[in-house]
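Structural description and commentary
Residue strings, one per chain:
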Amino acid sequence: MPKLPSALRKPSKPGERGNGARRDGGGANGVEAEPHPVREKTKEGAIDVVGWVDQRTGASPFLTGLLLRKVPKGTNWFYTLGSATLFAFVVQALTGVFLAFYYVPSATEAYDSISHLTNDVFLGEFVRGLHKWGATMMIILIFLHMGRTFFFGAYKYPRELNWVIGVVLLILTLVMGLTGYLLPFDNRSYWATIVAMNITASGPVVGPYLADFLRAGSEFTATTLPRFYAVHMLLVPGLIIALIGAHLYLVVKLGTTAPPWLRAEAKPKSSREEKVG
Ligand code: HEM
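Figured I'd write up the structure that's included with this text. For clarity, every value in this text was computed on a predicted model and none was experimentally measured.

This part takes up the overall build of the protein chain. In terms of helices and strands, the protein chain carries eleven helices and zero strands. N-terminal to C-terminal, the α/β element order of the protein chain is α-α-α-α-α-α-α-α-α-α-α. Across the 277 residues of the protein chain, 32% fall into the buried class. Sequence separation of 24 or more characterises 69% of the internal contacts of the protein chain that already satisfy a separation of 6 or more. As displayed, the protein chain has an accessible area near 18000 Å², and 68% of this comes from carbon and sulfur atoms.

Here the iron atom of the ligand is held by the protein donor atoms His145 (NE2) and His247 (NE2), which lie 2.0 to 2.1 Å from it. Metal-centred angles of 86 to 179° between the six donor atoms at the iron atom of the ligand mark the site as octahedral. Of the two residues, histidine 145 is situated in helix H6 (residues 124-151) and histidine 247 in helix H10 (residues 224-254); the sequence distance between them amounts to 102 residues. Histidine 247 carries the same exposure label as histidine 145, and that label is buried.

Given 3.6 residues per turn, any residue in an α-helix points the same way as the ones three and four places further on. All of the buried residues in helix H9 (residues 207-215) are Gly207, Ala211, Leu214 and Arg215. Taken end-on, H9 shows its buried residues confined to a sector of 95°, consistent with a single buried face. In this fold, the buried residues of H9 make contact with helix H8 (187-201) and H10. Residue alanine 216 follows H9 closely and has a positive phi angle near 60°.

Attention shifts here to the packing of helix H3 (residues 60-67) against H10. Close contact between H3 and H10 brings their axes to 9 Å; oriented N to C, the two are set at 75°. Here H3 lies roughly perpendicular to H10, going by the angle between them. Contacts between H3 and H10 pair Phe62, Gly65 and Leu66 from the former with Leu248, Tyr249 and Val252 from the latter. Each residue belonging to the contact of H3 with H10 can be placed in one class, and the counts come to five nonpolar, one polar and no charged.

Glancing now at unusual backbone geometry. In this structure, proline 158 follows tyrosine 157 across a cis peptide bond, with omega equal to 5°. Following the sequence through the fold, proline 158 ends up in the loop between H6 and helix H7 (160-182). One non-glycine residue, leucine 123, lies in the positive phi region at around 65°. Structurally, leucine 123 can be placed in the loop between helix H5 (110-119) and H6. When its relative accessible area of 46% is taken as the criterion, leucine 123 is described as partly exposed. One non-glycine residue, alanine 216, adopts positive backbone phi at about 60°. By the secondary structure assignment, alanine 216 is in the loop between H9 and H10. With relative accessibility at 26%, the residue alanine 216 sits in the partly exposed group.

So, about the packing of H5 against H6. When two helices pack together, you describe them by how their axes are tilted relative to each other and by the distance separating the axes. Running from N to C, H5 and H6 cross one another at 115°; their axes reach a closest spacing of 6 Å. The angle between H5 and H6 places the two elements in the roughly perpendicular class. Residues Ile114, Leu117 and Thr118 of H5 form the contact with H6, whose participating residues are Gly124, Glu125 and Arg128. Within the contact of H5 with H6, the residues separate by chemical class into two nonpolar, two polar and two charged.

Enumeration according to the criterion identifies two salt bridges in this entry. Here glutamate 40 ties to lysine 43 by a salt bridge, and the two come within 3.7 Å at their closest N and O atoms. In this pair, glutamate 40 and lysine 43 are both assigned in helix H2 (residues 37-57), three residues apart and thus about one turn of the helix distant. When sorted by exposure, glutamate 40 lands in the same class as lysine 43, which is buried.

With that settled, consider the site of the ligand. Taken together, 25 residues lie near the ligand, and His145, Arg148, Gly166, His247 and Thr257 sit nearest. For the ligand, a nitrogen atom lies 2.8 Å from a polar atom in the side chain of histidine 145. Separating an oxygen atom of the ligand from a side-chain N or O atom of threonine 257 is a distance of 2.9 Å. Using a 2 Å cut-off from the grid points, one finds that the ligand occupies the second largest pocket. Within the residue set of the shell around the ligand, elements represented by two or more residues are helix H4 (81-102), H6, H7 and H10. Take the shell around the ligand: its biggest share by element is six residues, from H6. Tallied by class, residues from the shell around the ligand come to 13 nonpolar, ten polar and two charged.

Analysis parameters
Residues numbered from 1 in each chain as written. Predicted model: local features only at pLDDT ≥ 70, side-chain atom pairs only at ≥ 80, totals over all residues. Heavy atoms only, no water. Helix = DSSP H or I, 4+ residues; strand = E, 2+ residues; numbered from the N terminus. Buried < 20%, exposed > 50% of the residue type's maximum accessible area, 1.4 Å probe, protein only. Contact = heavy atoms within 4.5 Å. Areas by Shrake-Rupley, 256 points an atom, 1.4 Å probe, with all protein chains shown as cover. Donors = N, O, S within 2.8 Å, 3.2 Å for Na, K, Ca; no water. Tetrahedral: all angles 85-135°; square planar, octahedral: opposite > 155°, others 65-115°. Arc of directions from axis to C-beta. Axes fitted to C-alpha atoms, helices over the stretch in contact; angles between N-to-C directions. Parallel < 35°, antiparallel > 145°, perpendicular 65-115°, else oblique. Nonpolar A, V, L, I, M, F, W, Y, C, P; charged D, E, K, R; others polar. Salt bridge = Lys/Arg side-chain N within 4 Å of Asp/Glu carboxyl O. Near = heavy atom within 4 Å. Polar contact = N/O pair within 3.5 Å; in protein donor to acceptor, adjacent residues only side chain to side chain. 1 Å grid on protein atoms, 1.4 Å probe; cavity = no way out; pocket = protein on both sides within 12 Å on 5 of 7 lines; lining within 4 Å. Sits in = over half its atoms within 2 Å of the grid points.

Structure, rendered in structure tokens:
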């Protein structure tokens, strides 16, 4: 059987203080509490399930590489911005599925379906708010993450491809914002989209074709809304998921870059060595 990380493989022995045992020194009188047999069995069961899946998929090296990878000295809070962006995307995907249960992508029914969702559905307004503000958060986080990788010089060799994938992810995230804006189909979203399409159509070379593709024709018609919806909830999320997979694969494969001030400290020594050599 392929090896699993020790945290998964080795449950603490009965009576031993470990993963599942109490860490507060036991009961009120300070005596170590006996591990609960049901809890122990559940833990063993979970380990067996992980082992079973791992034997059939061989997924553990990737997951171990992703979750337990070594990070360079000096790694700090700025390095959490990529994961924060990922979290924002997951929130968008989950809340988006909930909204899709109620949304009707038709020019005559979209507005009413959103009003129904907001006013009548249990937690509808809350989930809609999460999706709306989550979109803004994701855009802020992606820019901050991009800024971190830029200012830490993480776009340089050998991570140029990951930077390029990141740029495409940024563009796709902005397309999510643009296509989502039309969906409530009120006056503001309608006119904002008319303006956005006119700007897109004025772009060089591909601009007019791109605008025609998004509008589903040369004019804004009743088919424009379903087109935006399909792009918003199928095409672009699918591309984003695939690209996040490639992005994370490269992060695991190449590791992350140490902060520039630590690299600067390390440099004089190596350049001295080069001169000596
Ligand atoms: C959906 C959007 C994105 C997600 C979920 C994402 C996720 C991540 C994660 C989890 C990491 C590793 C931890 C970290 O360094 O923060 C990372 C690293 C990286 N990301 Fe992103 N990222 C996204 C967008 C971008 C963008 C827009 C760029 C730049 C244009 C970018 C460029 C990079 C680079 C160059 C690294 C390697 C960092 C290093 O070596 O230190 N990413 N990304």
